[in-house]
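Residue strings, one per chain:
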Amino acid sequence: MKITATGKLKVLYKIFSENDSVLIMINADPDSMASALAVKRLLWRRVSSATISSINVVDRPDNIAMIRLLKIKMVPIDDISGSHFNRFVILDSQPNHNDLFSRFAYDVVIDHHPETGYKARFSDVRPEYGATSSILTEYLKAAGIKPSSRLATGLFHAIKTDTANFQRKAVIEDMRAFQFLFRHANLHLARKIEQSEIRFNQLKYYKKALAGRIMNRGKIFTHLGGVENPDICVNVADFFMRIESVHWSIVSGIYDETLVIIFRNDGIRKNAGKVSSESFGDIGSAGGHKNAARAEIPVPAFRKEIKPYNAQNVLKWIIKKINGRSPSIKAKKS
Ligand SMILES: [Mn+2]
């Protein structure tokens, strides 16, 4: 027999009493943070305290924006003493997903990843769901709670993120939760969080990307030189795809003595994974999907081929490798 949301909520509430100090453990990302806010709301006035703790340091600028704009309070796991808590909840993860989680024994597990068989007093794992936030939205509805605009915005953003705007795995329940949250969320705030992808100090790379770009029949190539984090190559490559006339965007940078090349295209009769592996598979790791791919090549593997070795010539070398990647040329080489 299928247990109703109200039934599940009742069982969940039985785990807690008013003197409890609850620790909510997460691997911080939009879905887990929003889920944690929802559990805090569900337990409000039902327990003595509820603390959110994360095992990771949040680094993505959009996630930092979410924390700041939704005023999410989290304590790093290293500052947590387990003896201060008597109830442990884990959300959007299961205890065996990470060694750090196994410091505690969990009373409650709510997640949407594949079931790992952890035995908690209360476990609600629904692998078919696109987001844990959809599950928690059902609990809020069952509890008759009208979510605050901050909570609704968090859950709304979480479902959008985990389902990639419903372009990834999702079920009708995710849609229903989304529809409900849409009425309560602050859409401007959600948009600001979603758009906060760029760090101020990354703007210099955009300047470099534009100045050094080579564009040829819808293909844009640019090389950023040394980068502090290879994610910037992804951001710049995605950014160029927003230009109407760009069909291919290929952006590279050097990080940790490795040349990282990011490939993006518009998805029309193109295969980024194939281009990447045919061009660079022989000297590095390369591959991906039809519209998104990546290659990573150790600098010593190609440095000698480039004379003089500078950013402009690295870019020229990349273009030559990509343009010259016909099977016949490859055959001659090997
Ligand atoms: Mn999730």
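Scroll up to find the structure.
Quick look at the structure, then. (Residues numbered from 1 in each chain as written. Predicted model: local features only at pLDDT ≥ 70, side-chain atom pairs only at ≥ 80, totals over all residues. Heavy atoms only, no water.)

Considerations on the coordination of the manganese ion
- The protein atoms donating to the manganese ion are D31 (OD), D92 (OD), H112 (NE2) and D162 (OD), with metal-donor distances spanning 2.1 to 2.3 Å.
- Within one chain, the residues donating to the manganese ion are spaced in sequence as D-x60-D-x19-H-x49-D. In this pair, D92 is assigned in the loop between β4 (87-91) and β5 (108-111) and H112 in the loop between β5 and β6 (122-125), connecting sequence segments 20 residues apart. Each member of the pair D92 and H112 is classed as buried. (Donors = N, O, S within 2.8 Å, 3.2 Å for Na, K, Ca; no water. Helix = DSSP H or I, 4+ residues; strand = E, 2+ residues; numbered from the N terminus. Buried < 20%, exposed > 50% of the residue type's maximum accessible area, 1.4 Å probe, protein only.)

Things to note about the environment of R46
- Note that R46 resides in the loop between α2 (30-43) and β2 (49-54).
- Exposure remark for R46: the relative accessible area of 40% places this residue in the partly exposed category.
- Excluding residues that lie within four positions of it along the chain, R46 makes contacts with Y13, S17 and E18. (Contact = heavy atoms within 4.5 Å.)

Re the nonpolar core
- Within the largest apolar cluster, 51 residues are counted, with the highest numbers of intra-cluster contacts made by F16, I24, L91 and Y139.
- Of the residues forming this core, the biggest block, eight residues, is contributed by α2.
- If you look at the next biggest cluster of nonpolar residues, it comprises 22 residues, including F221, I250, I306 and I318. (Core = buried A, V, L, I, M, F, W, Y, C linked by side-chain atoms within 4.5 Å.)

A word on a positive patch on the surface
- On the surface, K2, K141, R176 and R183 cluster together into a patch of positive charge.
- Summarising the element assignment, R176 is placed in helix α6 (residues 172-182). (Patch = residues over 30% accessible without salt bridge, like charges linked within 9 Å, V, L, I, M, F, W, Y side chains within 5 Å. Areas by Shrake-Rupley, 256 points an atom, 1.4 Å probe, with all protein chains shown as cover. Salt bridge = Lys/Arg side-chain N within 4 Å of Asp/Glu carboxyl O. Lys, Arg positive; Asp, Glu negative; His and termini not counted. Charge placed at Lys NZ, Arg CZ, Asp CG, Glu CD.)

Some thoughts on the side chain of S279
- Along the polypeptide, S279 turns up in helix α10 (residues 272-280).
- Take S279: its relative accessible area is 2%, and that puts it in the buried class.
- Among the polar contacts listed, one links the side chain of S279 to the backbone oxygen of V275, at a separation of 2.6 Å.
- Among residues more than four places away in sequence, those in contact with S279 are K321, I322 and R325. (Polar contact = N/O pair within 3.5 Å; in protein donor to acceptor, adjacent residues only side chain to side chain.)

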